[in-house]
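Secondary and tertiary structure notes
So the chains spell out like this:
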Amino acid sequence: MKRILLTLMLITSFGTLALKAQKIGYVDTEYVLKHMPEYTSAQKQINALSEQWQKEVDQKFNEVDALYKAYQSEQMLLTDAMRKKREEEIVKKEKEAKDFQKQKFGPEGELFAKQKSLVKPIQDKVYKVIEQIAEDGMYAIIFDKSNGMLYSSPRYDKSNDVLAKLGLKPGEFAK
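So, here is what we can say about the structure in this document.

Calculation rules
Position numbers for residues start from 1 in each chain and track the written sequence from start to end. Thresholds applied to this predicted model are a pLDDT of at least 70 for local features of residues and 80 or more for the giving and counting of side-chain atom pairs; totals over whole chains, interfaces and linings are not thresholded and use all residues. The basis for every side-chain value is the complete set of heavy atoms in the structure, and neither hydrogens nor water enter the calculation. For helices, the fitted line uses only the C-alpha atoms of the stretch in contact; every axis is such a line through C-alpha atoms, and the angle between N-to-C directions lies from 0 to 180 degrees. Counting from the N terminus, the helices are the DSSP runs of H or I reaching at least four residues and the strands are the DSSP runs of E reaching at least two. For classification purposes, angles smaller than 35 degrees are called roughly parallel, those larger than 145 roughly antiparallel, those between 65 and 115 roughly perpendicular, and all remaining angles oblique. The contact criterion used throughout is that any non-hydrogen atoms of two residues lie within 4.5 Å. Polar here means any residue other than Ala, Val, Leu, Ile, Met, Phe, Trp, Tyr, Cys and Pro, which are nonpolar, and Asp, Glu, Lys and Arg, which are charged; Gly is therefore polar. Here the aromatic set is Phe, Tyr and Trp, taking the six-membered ring for Trp, and pairing holds for ring centres within 6.5 Å; pairs whose planes are under 30 degrees apart are stacked, those over 60 apart are edge-to-face, and all others are tilted. Remark: a charge is flagged as sitting over a ring if the NZ atom of Lys or the CZ atom of Arg is within 6 Å of the ring centre and within 35 degrees of the ring normal. One less than the residue count of a helix, multiplied by 1.5 Å, gives the span that helix is expected to have. Categorising residues by exposure relies on relative accessible area from a 1.4 Å probe, with only protein chains included: less than 20% of the type maximum marks a residue as buried, more than 50% marks it as exposed, and the intermediate range marks it as partly exposed. In summary, the charge assignment counts Lys and Arg as positive and Asp and Glu as negative, without counting His or the chain termini. By convention in these notes, a salt bridge is any Lys or Arg side-chain nitrogen within 4 Å of a carboxyl oxygen on Asp or Glu.

**A word on the packing of helix α3 (residues 37–74) against helix α5 (residues 110–136)**
Where α3 contacts α5, the two axes come as close as 10 Å, and the packing angle between them is 175°. When the axes of α3 and α5 are compared, the pair comes out roughly antiparallel. For the pair formed by α3 and α5, the contact residues are E38, Y39, A42, Q43, Q45, I46, L49, S50 and W53 on the first element and E110, L111, K114, Q115, L118, V119, I122 and K125 on the second. Class assignment of the residues belonging to the contact of α3 with α5 gives a composition of 9 nonpolar, 4 polar and 4 charged.

Here you go:
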């Protein structure tokens, strides 16, 4: 009788522990995004803009450098008034170049805004699929592998599930 009661208690306690166990998984969002053609296209657009604006920034700073070198070579021949005018012109051009650089690449710059407008809808699409997979698979938690996970078992990787729900296959569009 004691054995049966003990066995029954053990089965009940293991059943309770099994119910309390929560499923977890992780997704490598970088891996998923690299397989999405719209993300690859958005990144190409962002890179092209970045390169174009960087060339413009470099050109503006090269102009400042040329003005400064010309000023240095002519400095001894200029009057005080002319020297002051040239110095002000150089400072003004340098400020314009820095302002342009900040406008394009700063934290509130156009590149950041363009990246946000192109990439955020794609990320939202991925996160909705992750949420759906979590709900369908009754996962308590799904981590993002690219945000600081120190160890992850491939058994819990749901990245290919996300690709499948997005209608994509591993290996497509990946660099």
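**Re the packing of aromatic side chains**
According to the stated counting rule, one finds 0 aromatic pairs in the structure shown. Note that K23 overlies the ring of Y139, its terminal NZ or CZ placed 4.5 Å from the centroid. Sitting over the face of the ring of F100, K60 holds its NZ or CZ atom 5.0 Å from the ring centroid.

**Structural notes on helix α4 (residues 80–105)**
Between its first and last C-alpha, α4 extends 37 Å over 26 residues, near the 38 Å set by a 1.5 Å rise per residue. Residues of α4 that are buried include every one of I90, A97, F100 and K104, and no others. For α4, the elements touching its buried residues are α3 and α5.

**Focus: the side chain of K158**
Relative to the assigned elements, K158 resides in the loop between β2 (139–144) and α6 (159–165). D161 provides the closest opposite charge to the buried, unpaired K158, separated from it by 4.0 Å. Other than its neighbours up to four places away in sequence, K158 contacts Y26, V27 and Y139.

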